Amino acid sequence: MPFIPHSEQDIEQMLSVIGADSIDDLFDEIPANLRCAELTQIPSGMNEMEVTRLLRERAAQDGLPLCFLGAGAYEHHIPAAVWEITTRGEFYSAYTPYQAEASQGTLQLLYEFQTMMASLVAMDVSNASLYDGASALAEAVLMAVRANRKSKSRKILMPSTVNPVYRKVTDAIVKNQDIELVDVPFDPLTGQTDLNALAAFAGDDYAALVIPQPNFFGALDHVDEMTAWAVDNKMLSIAVVNPMAMALLKPPGEWADEGVDIVCGEGQPLGAPLASGGPYFGFMCCKQKHVRQMPGRIIGRTTDLDGKEGFTLTLQAREQHIRRSKATSNICTNQGLLVTAASIYMSLLGPEGLRKVGLNSHKNCQTLVQRLTRIEGVSQVFSGQTFHECVLKVDADAQQLIDDLAEKHDILGGFNLSADYADLNNCILVCATETRTLDDIERFATTLDALLKQQG
Amino acid sequence: MSNTPDDRKYASSHEWALLEDDGTVRVGITDHAQEALGDLVFVELPEVGQNVGKGDECSVVESVKAASDIYSPVSGEIIAVNESLEDSPELVNEAPYDDGWLFVIQPVDVSELDEMLDTEAYQQSIDDE
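All residue numbers refer to positions counted from 1 along the written sequence of the respective chain. Each chain is given a letter, starting from A, and each ligand a number, starting from 1, according to the order in which they appear as written. A pLDDT threshold of at least 70 governs which residues receive local features in this predicted model, and a stricter bar of 80 or more applies before side-chain atom pairs are shown or counted, although totals over entire chains, interfaces and linings include all residues.

A short note on the sheet that holds strand E11 (residues 378-380) of chain A
Residue and element names in this part refer to chain A. At least two DSSP bridges between two strands are required for those strands to pair. Only DSSP runs of H or I covering at least 4 residues are called helices, and only runs of E covering at least 2 are called strands; the numbering of each starts at the N terminus. Ordered in space as E11-E12-E15-E14, the 4 strands form an open sheet in which the pairing is antiparallel. Bordering the open sheet on either side are E11 and strand E14 (415-416), each of which pairs with just one other strand. Here 5 bridges tie strand E12 (residues 389-394) to strand E15 (residues 427-431), and the two strands are oriented antiparallel to one another. Directly across from Leu 392, in E15, lies its bridge partner Ile 428. Each of E11, E12 and E15 is contacted by helix H11 (residues 336-372), which is oriented at about 10° to E12, the strand it contacts most. Residues are scored as being in contact if the C-beta atoms we place from backbone atoms lie within 7 Å. All axes are obtained by fitting lines to C-alpha atoms, using only the stretch in contact for helices, and the reported angles, taken between N-to-C directions, cover 0 to 180 degrees.

Written out as structure tokens, the structure is:
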């Protein structure tokens, strides 16, 4: 039997049966201006030697900048064993196999990943991962609208302290399902969600409240108060968290009396390198009672007919291949390779190791902020406590400073907040993880000082 | 051959509706439906107080191999749900016409039941499947 599915002959035969002249005819109903034209800008192929050389040259252009930039993706030390093991042949596939149960090792790894994530955020169950943090939040919003049967609302309270990219992605995914994200402003003194502004929404029907921890400004938010408020107002609560901070802070499963309903976030800090924005992975955990509304794959542990332990895809009746258009989500896969790396990373560090990474990141950020704010023309914007990021205001053109730091001094000096927050003109979000040394901080500080003097 | 008692009415989507003495309508799925679905693992029930129209999706029964919507056979208000199914969904398999009922509706118009199939017609419809 030939394994080439469509020979010229097959295609002609099929076209003649359905009465079409060409394959293009099948796409007639798509307007011509939306159809993909000939790809004229793609250069011809290169051999391996040429590609290796080209990419090496491109990589050299990026350099190895000193990184004080966070804003959603973070530079952490990744033990060499993580990717050494992850890229072993047995793991080096990013896809759940079609005959999943034939790959017991893969399923066991995913099961253990789920156990680690559920334990890290103190929730009952975890799925086997989603695409990234932003789309995980979108899935959490869709899930909350389905799961909150006490509410008829398709509106979600979304603090403006949630990562702006997450808010944009979520809006793009949910708006055509008539789900509306309603802004909750932040307190200009503390950088936390404004509880008074939140209180003004009391009594109105919303499906859920999103609670960031830490929030986009690095600030520790009012998580207990917000969780309790959501319960009082018959809303579900969705925590969007940095997993690294969870080793240090009270996990969402323990916020207020009963914990939040859904936890989601970006898994990149757990073993994935910073690489031009990806690939990363999203994670999602929830309370047991919502598990049937959770999107994505879930691996369960069971026993076979001989009483031996085995792993299996479970709760598949929620999924597309069974539930068709009524599935909980169009997500029917996971980020296998990144999850493998994260599981190995967490195994190598253990709870105490993760705590140390979090704590050292926090301490280094404190040191960074103390040092930078000694510079004339640099001040701290918010008074609230932070994890490993902080907002600083500069008496200069922030974008110019960031550009000069990168181009002339090979330093990524932070994220310019003015484009996303009109009130935070010339404010920069800076980050320091456990990878930054006192020398790194001093180099950043003296360079910044000199640039400010030049600009001034 | 599955069991189809003649004290009630049937929908071609495999729900049964039983008119009670107090004028309410009790709803469940047929013996044929539970057999086709296999072992039930979860039943998502409607909310008490919820208003439903005839033909509305108002419940989901999930087995090890499928999840199926349950359509309300009449219009009205949900006044009771079978809470024992939360912990024991297998009751639907064991006793689809008795302990395995799903919910009770206070109907707006009892005559909607007349549009449903009787035992013979329902039996015919499943024989034709």
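As for the packing of helix H5 (residues 133-147) of chain A against helix H6 (residues 164-174) of chain A
Residues and elements named next belong to chain A. Packing of H5 against H6 brings their axes to within 8 Å, and their N-to-C directions diverge by 50°. What the angle tells us is that H5 and H6 run oblique. Like other packed secondary-structure pairs, H5 and H6 cross with a definite hand, here right-handed. Residues Gly 133, Ala 134, Ser 135, Leu 137, Ala 138, Val 141 and Leu 142 of H5 pack against Val 165, Tyr 166, Val 169, Thr 170, Ile 173 and Val 174 of H6. Three categories are distinguished: nonpolar for Ala, Val, Leu, Ile, Met, Phe, Trp, Tyr, Cys and Pro, charged for Asp, Glu, Lys and Arg, and polar for the others, with Gly belonging to the last. A breakdown of the residues in the contact of H5 with H6 according to their chemical character gives 10 nonpolar, 3 polar and no charged. Working definition: roughly parallel below 35 degrees, roughly antiparallel above 145 degrees, roughly perpendicular at 65 to 115 degrees, and oblique for all remaining angles. Crossings are sorted by hand: turned counterclockwise from the far helix by less than a right angle, the near helix makes the crossing left-handed, and turned clockwise it makes it right-handed.

Observations regarding the interface of chain B and chain A
With 5 residues of chain B at the contact, the number on the chain A side is 5 residues. Residues belonging to the side of chain B that touches chain A are distributed by class as follows: 3 nonpolar, no polar and 2 charged.

A few points about the confidence of the model for chain B
The quantity known as pLDDT measures the predictor's confidence residue by residue, on a range of 0 to 100. On average, residues of chain B carry a pLDDT of 93, and 99% of them reach 70 or more. Interface confidence for the predicted complex, expressed as ipTM, amounts to 0.78; the pTM equals 0.88.

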